[in-house]
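Breakdown of the fold
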Amino acid sequence: MQSKWVRVGSVRRFDNIASDKAQALKVLEEAAEVFGAYQTWEREVTRWGNPRSFDSYPFRQDLMDECADLIQATLNLVAALGVEDFRPWMKACEERNRKRGRITK
């Protein structure tokens, strides 16, 4: 059974961040790269069938790398806006998703 949690750990922000349009656009750029890596991974899984029947590791690794970059870019923006503890926002997000029925336990 899979865990209901994904552990991320603390994310160190970059040294030079700013609460500007470029910082916000970096999040969008990284999200697009996540989607591109997902498309590549999905294409290979579809091509070869069950992902366990071929070595999907490089495609999965690329996707995970892009996800990490997205989290980094997002938290750089959060830090640029002066937030050092994002947990209250994540708790509020979880509560909204419970109300929407996306989290049931």
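Structural notes, computed from the coordinates. (Residues numbered from 1 in each chain as written. Predicted model: local features only at pLDDT ≥ 70, side-chain atom pairs only at ≥ 80, totals over all residues. Heavy atoms only, no water.)

1. Thoughts on the layout of surface pockets
A probe as big as a water molecule, rolled over the atoms, marks out the empty space that is left. Of the voids in this model, the largest pocket is the one considered here, and its volume is about 1200 Å³. Put simply, the parts of the chain that give the lining of the largest pocket at least two residues each are α2 (57–80) and α3 (87–99). Looking at the lining of the largest pocket element by element, the count peaks at eight residues for α2. Grouping the amino acids of the lining of the largest pocket by side-chain chemistry returns 14 nonpolar, six polar and 10 charged. (1 Å grid on protein atoms, 1.4 Å probe; cavity = no way out; pocket = protein on both sides within 12 Å on 5 of 7 lines; lining within 4 Å. Points joined across faces, edges and corners; volume = space filled by probe spheres on them. Helix = DSSP H or I, 4+ residues; strand = E, 2+ residues; numbered from the N terminus. Nonpolar A, V, L, I, M, F, W, Y, C, P; charged D, E, K, R; others polar.)

2. What about the side chain of Q23?
Along the chain, Q23 falls in helix α1 (residues 21–48). Those residues in contact with Q23 that sit more than four places away from it in its chain are I17, A18, N76 and L77. (Contact = heavy atoms within 4.5 Å.)

3. Digging into a negative patch on the surface
On the surface, a cluster of negative charge is made up of E33, D62, D65 and D69. For the negative patch, the element with the highest residue contribution is α2, accounting for three residues. Tracing the backbone shows D69 in helix α2. Residue D69 is classed as partly exposed on the basis of its relative accessible area, which comes to 37%. (Patch = residues over 30% accessible without salt bridge, like charges linked within 9 Å, V, L, I, M, F, W, Y side chains within 5 Å. Areas by Shrake-Rupley, 256 points an atom, 1.4 Å probe, with all protein chains shown as cover. Salt bridge = Lys/Arg side-chain N within 4 Å of Asp/Glu carboxyl O. Lys, Arg positive; Asp, Glu negative; His and termini not counted. Charge placed at Lys NZ, Arg CZ, Asp CG, Glu CD. Buried < 20%, exposed > 50% of the residue type's maximum accessible area, 1.4 Å probe, protein only.)

4. Considering the packing of aromatic side chains
Counted according to the given criterion, the structure contains two aromatic pairs. Ring geometry for Y38 against W41: centres 5.8 Å apart, planes inclined by 40 degrees, an arrangement best described as tilted. One end of the pair, Y38, and the other, W41, are both in helix α1, three residues apart, so they sit about a helical turn from each other. You can call Y38 partly exposed: its relative accessible area is 32%. (Phe/Tyr/Trp six-rings, centres within 6.5 Å; stacked < 30°, edge-to-face > 60°.)

5. What to know about a nonpolar patch on the surface
Judged by side-chain polarity, V6, V8, V11 and I71 come together as a nonpolar surface patch covering roughly 340 Å² of accessible area. By secondary structure assignment, the location of I71 is in helix α2.

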